[in-house]
Amino acid sequence: SCSSNQKSLMDDSLTSSIDEETQLYERRTFLHGMLATTAVAAGFTAAAPEPANAYEQAYPLELQSTPYGDAETSSNSLSKLKEERLSNKKAKVAATKSEL
């Protein structure tokens with residue numbers, strides 16, 4: 001037969017095990033709720049993104065061709081834009097070299 005001390009230890013062990021299981025269940029419930037809330041919030045924000053106006057103007061969603069006869073400039077031609085940026089960089093480098 002078990003002594004009262006052994007019964008007390010078994011009761012404490014059982015109570016501790018039940019407390020741990022309850023705590024684990026509560027944690028899982030909390031995390032599930034947080035994930036569900038995050039998923040719903042992400043769904044609402046991703047539903048209708050609005051592009052930044054300045055970015056949309058600089059990089060239009062639809063590329064338009066330059067009509068025949070119109071001159072290509074950095075505002076309507078990627079190659080002209082690259083050339084312009086490269087020439088600006090070269091000018092800055094040349095200015096820096098002349099200062100040295």
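Keep in mind that what you see is a predicted model, and the values were worked out from it rather than measured.

1. Topic: the overall build of the chain
Step number 1: The helix and strand inventory of the chain stands at 3 helices and 0 strands.
Step number 2: Seen in sequence order, the chain has helices and strands lined up from the N terminus as α-α-α.
Step number 3: Taking all 100 residues of the chain together, the buried fraction comes to 2%.
Step number 4: Surface summary for the chain: the accessible area is close to 9500 Å², and the carbon and sulfur share equals 58%.

2. Re the environment of Ser87
Step number 1: Its location among the elements puts Ser87 in helix H3 (residues 78–99).
Step number 2: At 2.8 Å, the side chain of Ser87 and the backbone oxygen of Glu84 are in polar contact.

3. Remarks on a nonpolar patch on the surface
Step number 1: A grouping of Phe30, Leu31 and Met34 is seen on the molecular surface, where their side chains present a nonpolar patch of about 320 Å² in accessible area.
Step number 2: Following the sequence through the fold, Met34 ends up in helix H1 (residues 4–47).
Step number 3: Among the residues examined, Met34 registers a relative accessible area of 43% and is labelled partly exposed.

The rules we used
- Residues numbered from 1 in each chain as written.
- Predicted model: local features only at pLDDT ≥ 70, side-chain atom pairs only at ≥ 80, totals over all residues.
- Heavy atoms only, no water.
- Helix = DSSP H or I, 4+ residues; strand = E, 2+ residues; numbered from the N terminus.
- Buried < 20%, exposed > 50% of the residue type's maximum accessible area, 1.4 Å probe, protein only.
- Areas by Shrake-Rupley, 256 points an atom, 1.4 Å probe, with all protein chains shown as cover.
- Polar contact = N/O pair within 3.5 Å; in protein donor to acceptor, adjacent residues only side chain to side chain.
- Patch = residues over 30% accessible without salt bridge, like charges linked within 9 Å, V, L, I, M, F, W, Y side chains within 5 Å.
- Salt bridge = Lys/Arg side-chain N within 4 Å of Asp/Glu carboxyl O.

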